[in-house]
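# Summary of structural features
The lines below spell out each chain.
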Amino acid sequence: MLEAGQADIDNAPSAMERLLAIMARLRSPEGGCPWDLEQDFNSIAPYTIEEAYEVADAIARDDMGDLKGELGDLLFQVVFHSQMASEAGHFDFDDVANAISDKMLRRHPHVFADAEERDSQSQTQAWEAQKAAERSERGNDNSVLADLPLALPALLRALKLTKRAARIGFDWPNALRVLEKFEEEAQELREAIAADDTENIAEEIGDLLFVCANLARKLDVEPEEALRAANAKFERRFRGVERALEQAGKAPGTATLDEMEALWEAEKGYERGR
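In short, a report on the structure. For clarity, every value in this text was computed on a predicted model and none was experimentally measured. (Residues numbered from 1 in each chain as written. Predicted model: local features only at pLDDT ≥ 70, side-chain atom pairs only at ≥ 80, totals over all residues. Heavy atoms only, no water.)

The helix and strand inventory of the protein stands at 13 helices and zero strands. When the helices and strands of the protein are placed in sequence order, the string is α-α-α-α-α-α-α-α-α-α-α-α-α. Taking as baseline every contact in the protein between residues at least 6 positions apart, the subset at least 24 positions apart corresponds to 48%. Working note: accessible area of the protein is about 18,200 Å², and carbon and sulfur atoms make up 55% of it. (Helix = DSSP H or I, 4+ residues; strand = E, 2+ residues; numbered from the N terminus. Contact = heavy atoms within 4.5 Å. Areas by Shrake-Rupley, 256 points an atom, 1.4 Å probe, with all protein chains shown as cover.)

See the structure below:
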């Protein structure tokens, strides 16, 4: 990407070219933004992840106005990384766009080529086979677990690891067997707690969380969404407890646990009765 002046921004023939021109101007050594100029891939990566979560949050809230803005923020992250890569001579935004276009064409031969039409299940299998072939071409790691980013949220990565293993038959026969494994891990955690084994406690909690991700997969539940809903439910009910305490002239820090638990149960009953 070349450095852009104000005229390039004002006269850009498309919205995308206008955004690219703005990014180039921000990174220009001549009058660009000092903060933007200081950034590199590592410093920007956390913002990219944050913006992706904000997109998901807007979707969860069904806020289309906010979603438009958050998608713009996420697109700007792609443009930012592409600009830095262009400056270093690696690739530019067009290369990024062409790469994903080529990938979509390659992975949808039933749409863009002459392959036979597939149903959803067979298309998913073909998609995974194509991804496996692409991973094999990129390196020597032929494991079914190859190419799963370490930077993924741990719960999401656990889900993907178990999905990959299940493709070759390394899987529990049903959800009840996974639940039995959960109970087994819970007992091991009880033993670690009884032994006051701090290191083992952390390991057993990790095992429990991993089994939970596996159980969610077997029950066709998205664990991130389920946990997000549980977080929202906890926050909603706890705020109800706070309101009830305020109405009684008490602050949360001055109420007893029994008082707060009674209000919590009342809040649950209220929600269930609505």
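On to the packing of helix α9 (residues 154–167) against helix α12 (residues 223–247). Packed helices, taken two at a time, are described by the angle between their axes plus the distance between the axes. Viewed as axis vectors pointing N to C, α9 and α12 meet at an angle of 145°, and their least axial separation amounts to 9 Å. Of the residues in α12, those in contact with L155, L156 and L159 of α9 are P223, E224 and L227. Class assignment for the residues of the contact of α9 with α12 results in five nonpolar, no polar and one charged. (Axes fitted to C-alpha atoms, helices over the stretch in contact; angles between N-to-C directions. Nonpolar A, V, L, I, M, F, W, Y, C, P; charged D, E, K, R; others polar.)

So, about the pattern of salt bridges. Following the criterion strictly, the structure yields 14 salt bridges and no others. Beyond isolated ion pairs, a larger network of salt bridges with shared partners links D57, R61, D63 and D66. (Salt bridge = Lys/Arg side-chain N within 4 Å of Asp/Glu carboxyl O.)

What follows concerns the nonpolar core. Counting eight residues, the largest nonpolar core is built from L19, L20, M23, I44, V79, F80, M84 and F93. The set of elements that each furnish at least two residues to this core consists of α2 (15–26) and α5 (64–87). (Core = buried A, V, L, I, M, F, W, Y, C linked by side-chain atoms within 4.5 Å. Buried < 20%, exposed > 50% of the residue type's maximum accessible area, 1.4 Å probe, protein only.)

Attention now goes to the side chain of T162. For T162, the position within the fold is in helix α9. If we skip the residues at most four places from it in the chain, T162 touches F210, N214 and R217.

The next point concerns unusual backbone geometry. Of note in the backbone geometry, D196 takes a positive phi value of approximately 55° without being a glycine. Counting through the fold element by element, D196 comes out in the loop between α10 (175–194) and α11 (198–218). Backbone geometry places D220, a non-glycine residue, at a positive phi of 60°. With respect to the helices and strands, D220 occurs in the loop between α11 and α12.

Interhelical geometry of helix α4 (residues 41–60) versus α5 gives an angle of 160° and a closest axis separation of 9 Å. Taken as axis vectors, α4 and α5 run roughly antiparallel relative to one another. Relative to α5, α4 is oriented so that their crossing is left-handed. Residues F41, I44, A45, Y47, T48, E51, A52, E54, V55, A58 and I59 of α4 pack against D66, L67, E70, L71, D73, L74, Q77, F80, H81, M84 and A85 of α5. Here the contact of α4 with α5 is built from residues that sort into 14 nonpolar, three polar and five charged. (Parallel < 35°, antiparallel > 145°, perpendicular 65-115°, else oblique. Left-handed = near helix turned anticlockwise from the far one by under 90°.)

Together, V144, L145, I168 and F170 make up an exposed nonpolar region whose accessible area comes to about 400 Å². Summarising the element assignment, V144 is placed in the loop between α8 (120–138) and α9. V144 gets classed as partly exposed once you look at its relative accessible area, which sits at 30%. (Patch = residues over 30% accessible without salt bridge, like charges linked within 9 Å, V, L, I, M, F, W, Y side chains within 5 Å.)

End to end, helix α13 (residues 257–273) covers 24 Å across 17 residues, agreeing with the expected 24 Å (1.5 Å per residue, within 8%). Those residues of α13 that sit buried are E267, K268 and E271. For α13, the angular spread of buried residues about the axis comes to 100°, placing them on one side. Seen from the buried face of α13, the exposed residues on the opposite side, beyond 90 degrees, are D258, Y270 and G273. At its buried positions, α13 is contacted by α12. (Expected span 1.5 Å × (residues − 1). Arc of directions from axis to C-beta.)

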